[in-house]
Amino acid sequence: MTAELHTPKPSLFTDSDFWRDPYPFYEKLRSIDPVYKGTVLKYPGWYVTGYEEAAAILKDARFKNRIPFPESSAKYENLTHIQHDMLLYKNQSDHKRMRMIIGKEFTAKTAESLRPCIKETVHDLLDQIQNRKTADLVSEFAFPLASLIIAKILGVPKEERYQFRQWTADIIQAIDFTRSRKALVKASDTAGKLTAYFKDLIHKRKVQPREDLISKFIMQEQLSEEEVLAACILLAIAGHETTVNLISSGVLSLVKHPEQLSALKENPSLIEFAVEECLRYDSPTQLTARTASEDCEINGKIIKEGEQVYILLGAANRDPSIFDHPHKLDIERNPNPHLAFGKGAHFCAGASLARIEAQIAILTLLERMPKLRLAASELEYRKLFGFRSLTELPVVLG
Ligand code: HEM
């Protein structure tokens, strides 16, 4: 009997349990096969839930990264156009060249140098909600923090940031499995707006360079104009989505585990381990995809040239063969070799920045608002297969 006959069929669009908690579904898939061939939400391919297999594929250059939908449709031209030159979807020599340039701007040292600015921004945001009874930590804390920091790095004027929340949401919706044609059309329109916005900003920085990343990218002879544009858009989107989700899901995980929360409050030096555990426990990016460029064997399975491979990072991060008690939040977990930032050539360029932002945000929040508790018993997640994203995190502050 082949694995396909056992296809688990959660009706993902109607099953609210999946959006609240996708982990039982992942476990079911892994129990059938950690490298499972089947179809989820119209997408046939190999679904990888095993840690070792996921890590092996991410490190293997025969599995190529590619734009998440067919490039041919004229309807989505703006969308395919911006993604065509993105670092994330480049391979081999183009990827190496672009990664060298972009990676240099996102080293651990650069992220460390932003610590004072991140601290000040966190305190400013908490000052604004300090005297309130309740707040939404997504829209009033995590989102503005991530947005202000990436805007500062890139050189996007503060007062122009307001558009980025919707723009990012539109693009994320279009790269997700749950996308509809309507979402693609909308995202293509948004991609047009993002392109126009950054073309204008790039032009301004060409005329008058500043101490920002856009000005630095423009001066790089090794980046084409299209690549500069695509890098700005990728960084703006990456900076506005996943870090927000790490901070909000991280706070939620801690509040839901009072003994872990107390341990962190008693010993704040555990914050680095705590953030790594939050990354593993409820990974902001749940899925990344590859295409096999030749026939490849993974754990006894032959993945044929051209076949799609979907790596479920959130599932790999709860693989019991690597993580003891994988469904337990343990802020002292060590070692914690999670794959939340990917692995190999495409390992997240913004990992150091995201880690520092989350460490400062979570620790300062707990220090300044030690009585913080949830204000709602049911929380809603955006209906995305590839990202873990709370719509709101309502809390009582005091
Ligand atoms: C908690 C926050 C974050 C998470 C969980 C995350 C996750 C990831 C993952 C899983 C990948 C690899 C995708 C793949 O292999 O297909 C990736 C790549 C990337 N991330 Fe992040 N990311 C985060 C924050 C950021 C931030 C703040 C930035 C920059 C501002 C950033 C920039 C990038 C870039 C440029 C890539 C592409 C790297 C390449 O292709 O070489 N990320 N991220």
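Residues numbered from 1 in each chain as written. Predicted model: local features only at pLDDT ≥ 70, side-chain atom pairs only at ≥ 80, totals over all residues. Heavy atoms only, no water.

1. Regarding the sheet that holds strand β3 (residues 63–64)
Moving on, step 1. Strand order in the open sheet formed by five strands is β1-β2-β8-β5-β3, with mixed pairing between adjacent strands. Taken across any chain shown, the strands that pair with only one partner, and hence form the sheet edges, are β1 (35–40) and β3.
Moving on, step 2. Relative to strand β2 (residues 43–48), β1 runs antiparallel, the two sharing six bridges. Along β2, the bridge assignment pairs Gly38 with Gly45.
Moving on, step 3. Lying on the sheet, helix α3 (residues 51–59) is in contact with β1, β2, β3, β5 (287–292) and β8 (308–312); it crosses β8 at an angle near 125°. (Pairing = 2+ DSSP bridges. Helix = DSSP H or I, 4+ residues; strand = E, 2+ residues; numbered from the N terminus. Contact = heavy atoms within 4.5 Å. Axes fitted to C-alpha atoms, helices over the stretch in contact; angles between N-to-C directions.)

2. Quick notes on the coordination of the iron atom of the ligand
Moving on, step 1. Exactly one donor from the protein chain reaches the iron atom of the ligand: Cys348 (SG), at 2.3 Å.
Moving on, step 2. With respect to the element layout, Cys348 can be found in the loop between α15 (313–316) and α16 (351–368). (Donors = N, O, S within 2.8 Å, 3.2 Å for Na, K, Ca; no water.)

3. Some words on the site of the ligand
Moving on, step 1. The local shell around the ligand holds 27 residues, among which His95, Thr288, Arg290, His346 and Cys348 are the closest.
Moving on, step 2. At 3.3 Å from an oxygen atom of the ligand is found a side-chain nitrogen or oxygen belonging to Asn65.
Moving on, step 3. Contact between the ligand and Arg99: an oxygen atom at 2.8 Å from a side-chain N or O atom of the residue.
Moving on, step 4. Counting residues per element, the ones that place at least two in the shell around the ligand are α5 (92–104), α12 (225–255) and β5.
Moving on, step 5. The element that contributes the greatest number of residues to the shell around the ligand is α12, accounting for six residues.
Moving on, step 6. Partitioned by chemical class, the residues of the shell around the ligand number 16 nonpolar, nine polar and two charged. (Near = heavy atom within 4 Å. Polar contact = N/O pair within 3.5 Å; in protein donor to acceptor, adjacent residues only side chain to side chain. Nonpolar A, V, L, I, M, F, W, Y, C, P; charged D, E, K, R; others polar.)

4. Observations concerning α5
Moving on, step 1. Compared with an ideal rise of 1.5 Å per residue, which puts 13 residues at 18 Å, α5 spans 18 Å between its outermost C-alpha atoms and is within 8% of the ideal.
Moving on, step 2. Every buried residue belonging to α5 is among His95, Met98, Ile101 and Ile102, and all of these are buried.
Moving on, step 3. Where the residues of α5 are buried, they touch α11 (213–219) and α12. (Expected span 1.5 Å × (residues − 1). Buried < 20%, exposed > 50% of the residue type's maximum accessible area, 1.4 Å probe, protein only.)

5. Quick look at the pairing of β2
Moving on, step 1. Burial within β2 is extensive, with five of its six residues counted as buried.
Moving on, step 2. Relative to β8, β2 runs parallel, the two sharing three bridges. Across the sheet, residue Val48 finds its bridge partner in β8, namely Ile311.

6. A word on unusual backbone geometry
Moving on, step 1. With an omega dihedral of 0°, the bond running from Asn334 to Pro335 counts as a cis peptide bond.
Moving on, step 2. As for its position among the elements, Pro335 is in the loop between α15 and α16.
Moving on, step 3. One non-glycine residue with positive phi stands out, namely Leu41, at about 45°.
Moving on, step 4. Its location among the elements puts Leu41 in the loop between β1 and β2.
Moving on, step 5. Here Lys42, not a glycine, exhibits a phi torsion of approximately 75°, which is positive.
Moving on, step 6. Along the chain, Lys42 falls in the loop between β1 and β2.

7. A look at the side chain of Ser389
Moving on, step 1. Relative to the elements of secondary structure, Ser389 occurs in the loop between β9 (373–374) and β10 (394–396).
Moving on, step 2. At a separation of 2.7 Å, a polar atom in the side chain of Ser389 contacts the side chain of Arg382.

8. Let's talk about the packing of aromatic side chains
Moving on, step 1. Counted by the stated rule, this structure contains 17 aromatic pairs.
Moving on, step 2. Ring centres of Tyr47 and Phe177 lie 6.4 Å apart, and the angle between their planes is 85°; on these two criteria the pair is classed as edge-to-face. Separated by 130 residues along the polypeptide, Tyr47 in strand β2 and Phe177 in the loop between α9 (164–175) and α10 (181–207) bring together distant segments of the chain. As far as the burial class goes, Tyr47 and Phe177 line up, both buried.
Moving on, step 3. Among the aromatic residues, those joined into a cluster by ring pairs are Phe18, Trp19, Tyr23, Phe25, Tyr26, Tyr43, Tyr47, Phe177, Tyr310 and Phe385. (Phe/Tyr/Trp six-rings, centres within 6.5 Å; stacked < 30°, edge-to-face > 60°.)

9. Points about the sheet that holds β10
Moving on, step 1. The strand order β4-β10-β9 describes an open sheet built from three strands, whose pairing is antiparallel. Looking at the sheet topology across the chains shown, the edges are occupied by β4 (134–136) and β9.
Moving on, step 2. Bridging between β4 and β10 involves three bridges; their strand directions are antiparallel. Bridge pairing in β10 places Ala135 opposite Val395.

10. So, the confidence of the model for the protein
Moving on, step 1. Residues of the protein with pLDDT of at least 70 account for 95%, and the chain-wide mean is 94.
Moving on, step 2. Ignoring residues within four places in sequence, the model shows residues 1–6, a span with pLDDT below 50, making seven contacts including any to other chains. (pLDDT = per-residue confidence, 0-100.)

11. As for the packing of α9 against α10
Moving on, step 1. Packing of α9 against α10 leaves a shortest axis separation of 8 Å and a crossing angle of 135°. One finds that α9 runs oblique with respect to α10. Between α9 and α10 lies a crossing of left-handed hand. Every residue of α10 that contacts α9 at Phe164, Gln166, Trp167, Asp170, Ile171, Gln173 and Ala174 is listed here: Ala183, Leu184, Lys186, Ala187, Thr190, Ala191, Lys193, Leu194, Tyr197 and Phe198.
Moving on, step 2. In terms of residue class, the contact of α9 with α10 is made up of 11 nonpolar, three polar and three charged. (Parallel < 35°, antiparallel > 145°, perpendicular 65-115°, else oblique. Left-handed = near helix turned anticlockwise from the far one by under 90°.)

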